[in-house]
Structure formats: C-alpha cells, structure tokens
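Chain by chain, the residues:
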Amino acid sequence: MTRSPDIQIDFLNRLRQLTVNRCPHMPENAVLSKFVQPVQLDADFQKTLSVSSTSGIFFIHSGMVGVFHEFEGQKRLSHTYDKCDIFFSNEVLLELNKQRTFWRVFSDAEVLFLNLGDPRIRQEFPMWLPDIQMFISLYSTYQYQDYINAMGLDRKAFSIQWLKDHPNTLSFIPRSDLAAMLNISMTSLKSFIKTVLYGE
C-alpha cells in the first residue's frame, strides 16, 4: 500500500475540519503528515501498530469498513465507514471493548492511520495531544448515542434515508447484515432498496 502525499493531506484536512474550534493547537499538515502511515485493518492491527491504552485516528481513502458488535449472542453490523470517513481505534481497544466490537473490511480499503501513542507526538505536540484525545472521547460517545437514538426512529423512513446516504453499501455488504443493522426484515429491505433505486 502506497502513501500518497495528496491522500495524507486529504486525511489531515478532514481531521482539521472535524475538530475545528475544538482542537486549536493542531499542527500544520506538513509537520503532522510524517506520523501518518498506511495500514491494513485486521485482527492483529493493534499488535502491529503498538496501539494499546491510547487512541489512534483512521481515514478511509477508498473502500468500506463495517463495525460489528456482539449483541444477544450474535455478531451484528452496527454502522459503516465509507470513503473520506474518519474513525477512531477506541472502538476496538481491548481494555474498552465490552461488546467484542470488531471491524470487517468489505472491499479493498485504502486506510491511513495516525497513531497518537507515538511518543514523538507527545514530545512535539504537548498542547494538541490532550485536546485531540478529549475530542475523540467525547465525539465517540455522542456518535454512539446517535446510533442508539436512530434505532427509535420510524424504520421505513430511516432505512430508506440511510440507504440513500450510503449507496456503496449495496455493492459490498451482505443483505442479511444490512437487514440486521437496520432492524428490518429481508422482505422490507428488498422493498426499500427498490424504492431507493427505482423510486417505487
């Protein structure tokens, strides 16, 4: 996997946009880009990247990643990350992972990673690091609350809108996983997909 400077800039610009007014001490892209590396998401990524008791930031340049939780004895898709999405490693850190959350790559994903556990970051950016770590903690909490709140919405309206907002999922994610995530039947999913694709 190559590390294109343009992709790095896309990542850091997206991070800057996401944290604007919340992390005022974010370093310039040219300075921070040397800490960005391409990664493969797999079961051993934490060991490979020495991610432990800390958090890191991921950016999907291409492809799709699904997030699964163990719920009532079954592994269920909770949400997805698509092109240009940013997400955080605290979803799957072992010491925090009470629901045995794991990532599944549904297509060839080009992913970049900024490891906040790198001691050089602590040394070079002592004002920014606490800001971004606090942001990640709060953002992740609010984001998951949104997922929980969404489960109380009208299933038809929510599912149709979600499918419109995530068109790539129809190409990559098994229908059974989509139906479980949206909390609808396979028959309803088929009907909603027809509505999205053909306006029926």
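Structure's up top.
Residues numbered from 1 in each chain as written. Predicted model: local features only at pLDDT ≥ 70, side-chain atom pairs only at ≥ 80, totals over all residues. Heavy atoms only, no water.

*Asks:* Please provide a residue-by-residue account of helix α9 (residues 186–198), values included.
*Replies:* Here α9 is 13 residues long and its end C-alpha atoms lie 18 Å apart, about the 18 Å a rise of 1.5 Å per residue gives. By the burial criterion, the buried members of α9 are L189, F192 and I193. Within α9, the buried residues cover an arc of 105° as seen down the axis, which keeps them to one side. Exposed residues on α9 whose side chains face more than 90 degrees from its buried face are T187, K190 and Y198. (Helix = DSSP H or I, 4+ residues; strand = E, 2+ residues; numbered from the N terminus. Expected span 1.5 Å × (residues − 1). Buried < 20%, exposed > 50% of the residue type's maximum accessible area, 1.4 Å probe, protein only. Arc of directions from axis to C-beta.)

*Asks:* A description of the packing of helix α8 (residues 175–182) against α9 should follow, citing residues and the corresponding values.
*Replies:* At their nearest, the axes of α8 and α9 sit 9 Å apart, and the two run at 100° to each other. When the interaxial angle is binned, α8 and α9 end up roughly perpendicular. Along the contact surface, α8 presents R175, S176, L178, A179 and L182, while α9 presents M186, L189 and I193. Broken down by class, the residue content of the contact of α8 with α9 amounts to 6 nonpolar, 1 polar and 1 charged. (Axes fitted to C-alpha atoms, helices over the stretch in contact; angles between N-to-C directions. Parallel < 35°, antiparallel > 145°, perpendicular 65-115°, else oblique. Contact = heavy atoms within 4.5 Å. Nonpolar A, V, L, I, M, F, W, Y, C, P; charged D, E, K, R; others polar.)

*Asks:* Report on the environment of R22, specifying residues and quantitative values.
*Replies:* Position of R22 among the secondary structure elements: in the loop between α1 (5–19) and α2 (29–32). R22 sits 109 residues away from D131 along the chain, and the two C-alpha atoms are 7.4 Å apart.

*Asks:* Summarise the environment of K34; cite the residues concerned and give the values.
*Replies:* Mapped onto the elements of the fold, K34 is located in the loop between α2 and β1 (36–39). Put simply, K34 and P5 are 29 residues apart on the chain and 9.8 Å apart in space, counted from C-alpha to C-alpha. Only 3.5 Å separates the side chain of K34 from the side chain of E124, close enough to count as a polar contact. (Polar contact = N/O pair within 3.5 Å; in protein donor to acceptor, adjacent residues only side chain to side chain.)

*Asks:* Mind laying out a nonpolar patch on the surface, listing which residues take part and the relevant values?
*Replies:* A contiguous nonpolar surface patch, about 350 Å² in accessible area, is contributed by M134, L138 and Y142. For L138, the position within the fold is in helix α5 (residues 128–150). (Patch = residues over 30% accessible without salt bridge, like charges linked within 9 Å, V, L, I, M, F, W, Y side chains within 5 Å. Areas by Shrake-Rupley, 256 points an atom, 1.4 Å probe, with all protein chains shown as cover. Salt bridge = Lys/Arg side-chain N within 4 Å of Asp/Glu carboxyl O.)

*Asks:* Break down the pattern of salt bridges for me, with residues and values.
*Replies:* Any two side chains of opposite charge can pair, on the condition that their charged atoms come close. Here the structure, examined in full by the defined rule, presents 3 salt bridges. Here E124 and K34 are joined by a salt bridge, their closest N and O atoms 3.5 Å apart. Here E124 is found in helix α4 (residues 119–124), whereas its partner K34 is found in the loop between α2 and β1, with 90 residues between them in sequence. For E124, a relative accessible area of 38% corresponds to the partly exposed category.

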